[in-house]
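An overview of the molecular structure
Chain by chain, the residues run as shown.
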Amino acid sequence: LRRVSTGLKKLDELLGGGFPGETVILVSGSAGTGKTLLGLNFVAEGARKGENSCYLSLNENKAELLRACEGIAALEDAKKYMGKTLDMKTMTMGEGIDIYYFTEMFSSYPKIDRLVIDNVNKLLLFAESKKEYRIQLSRLIRYLKEKVNCSLLVCETEYDNRDKVIDTGVGESFECDGVVHLSFLEFEEKPMRTLEVYKMRYTEIEPKIPHEFIINSKKGLKLADSHFV
Ligand SMILES: Nc1ncnc2c1ncn2[C@@H]1O[C@H](COP(=O)(O)OP(=O)(O)O)[C@@H](O)[C@H]1O
Ligand SMILES: [Mg+2]
């Protein structure tokens, strides 16, 4: 299986080269944990390598996404790939654009290498019922595996310190091939951004080992060696 570089060197090492190809990976976490930046970093990495990459946002518009990239030196070059190997799309859900419309759209989508959908919570919000959402989500994931080599589905989760909540409770983590969870953890009495791999099909992993996830305007995004092993 061809591996897809994640944009984080340490994460590539942990996964034996990157995410497995022909997969859909869930990137979950509470507000501010870095999901959007992780996604932007993932498509920028692909765009630089000449892979056709697309960021589809149901949250921010293109200007806001570019503004987020401009704040991080390592992502500044994303702009120059726009319209070439990088595409940023914004869609507003509601008014007839629901998860059903969305899956139909992907069924006619051209093949691409990398895709980020930010976020699945918006799809759930505009679904008729949780059951309908799960059925459509499953269809969407199947389409994505045909059309896209590696897709990241961003998922907003509630903050919870005890047992971590890794999806919306409607089965995203079961439907996806992998789950990468971002959260805040106390380390030496200070909250720290962390990344944990919960699940990765076709890959030998050490699950749920928190690694510090660093967002630095000058150095970019980085995964550190774990403080916890
Ligand atoms: N230029 C930057 N330098 C340092 N940290 C940044 C920069 N831009 C954003 N951040 C940090 O990233 C966080 C937002 O990340 P984001 O990916 O939007 O989170 P999420 O999508 O998980 O809600 C902000 O709270 C901020 O602290
Ligand atoms: Mg976000």
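Everything in this summary refers to the structure shown in the same document. Throughout this description, residue numbers start from 1 for each chain and increase along the sequence as written. Both sets of labels track the order of writing: A upward for chains, 1 upward for ligands. Local features in this predicted model are restricted to residues of pLDDT 70 or higher, and side-chain atom pairs are both shown and tallied only at a pLDDT of 80 or more, whereas totals for entire chains, interfaces and linings draw on every residue. Water and hydrogen atoms play no part in the side-chain values, which are based on all heavy atoms of the structure.

Here's the deal with helix α7 (residues 130–147)
Elements are defined by DSSP. Helices are runs of H or I of four residues or more, strands are runs of E of two residues or more, and each kind is numbered from the N terminus. Expected helix span is given by 1.5 Å per residue-to-residue step, counting one fewer step than there are residues. Between its first and last C-alpha atoms α7 spans 25 Å; for 18 residues at 1.5 Å apiece the expected length is 26 Å, and the two agree. Buried residues of α7: Y133, Q136, L137, S138, L140, I141, Y143, L144 and K147, and no others. If you follow the buried residues of α7, they end up packed against β3 (23–29), α5 (99–107), β6 (112–118), α6 (120–125), β7 (148–156) and α8 (172–175). Buried, partly exposed and exposed residues are distinguished by accessible area as a fraction of the type maximum, computed with a 1.4 Å probe on protein chains only: under 20%, between the cut-offs, and over 50%, respectively. Should any heavy atoms of two residues lie within 4.5 Å, those residues are considered in contact.

Remarks on the layout of surface pockets
Residues are called lining when one of their atoms sits within 4 Å of a cavity or pocket point, these points coming from a 1 Å grid over the protein atoms alone, where a cavity is a set in which a 1.4 Å probe fits but cannot get out and a pocket is an open set with protein on both sides within 12 Å along at least five of seven lines. Grid points are joined across faces, edges and corners, and a volume is the space filled by probe spheres set on the points. Reported here for the largest pocket is a volume of approximately 240 Å³. As for the largest pocket, its lining consists of 17 residues, and the residues nearest its centre are A31, G32, K35, T36 and E60. Elements with a contribution of two residues or more to the lining of the largest pocket: α2 (35–48) and β7. Counting residues per element, the lining of the largest pocket draws most heavily on α2, at three residues. Just so you know the grouping, Ala, Val, Leu, Ile, Met, Phe, Trp, Tyr, Cys and Pro go in nonpolar, Asp, Glu, Lys and Arg go in charged, and all remaining residues, Gly too, go in polar. For the lining of the largest pocket, the class distribution of residues is four nonpolar, nine polar and four charged.

Some remarks on the side chain of T194
Here T194 shows up in strand β9 (residues 190–200). The class for T194 is buried, based on a relative accessible area of 0%. For T194, the residues in contact, after removing those within four places along its chain, are H181, L182, S183, L185, P210, H211, E212 and F213.

Side note on the pairing of strand β4 (residues 53–57)
Most of β4 sits inside the fold, with five of its five residues counted as buried. Here β4 pairs with strand β5 (residues 86–90) via five bridges, running parallel. What sits directly across from L56, in β5, is K89. Two strands pair under a simple rule: DSSP has to find at least two bridges between them.

Some points on the environment of V27
Counting through the fold element by element, V27 comes out in strand β3. Ignoring anything within four residues of it in the chain, the contact list for V27 reads K35, L38, L152, L153, V154, C155, V180 and L182.

Some words on helix α3 (residues 62–70)
Among the residues of α3, L65, L66 and C69 are the ones counted as buried. The arc that holds every buried residue of α3, seen down its axis, measures 95 degrees, which confines them to one face. Summarising the geometry of α3, the exposed residues directed more than 90 degrees from the buried face are A63 and R67. For α3, the elements touching its buried residues are α2, β4, α4 (78–81) and β5. Residue N61 occupies the N-cap position of α3, its side-chain oxygen lying 3.1 Å from the main-chain nitrogen of A63. To be clear, the arc concerns the directions from the helix axis to the C-beta atoms. Polar contacts, as used here, are pairs of N or O atoms within 3.5 Å; protein pairs need one atom able to donate a hydrogen and one able to accept it. Residues neighboring in sequence count only if both atoms are side-chain atoms.

Looking at the pairing of β6
Summarising burial for β6: six of the seven residues are buried, a large majority. Of the pairings in the sheet, the one linking β4 to β6 comprises five bridges and is parallel in character. Considered in β6, the bridge of Y55 is made with V116. Direction of pairing for β6 relative to β7: parallel, over a ladder of six bridges. Bridge pairing in β7 places R114 opposite C150.

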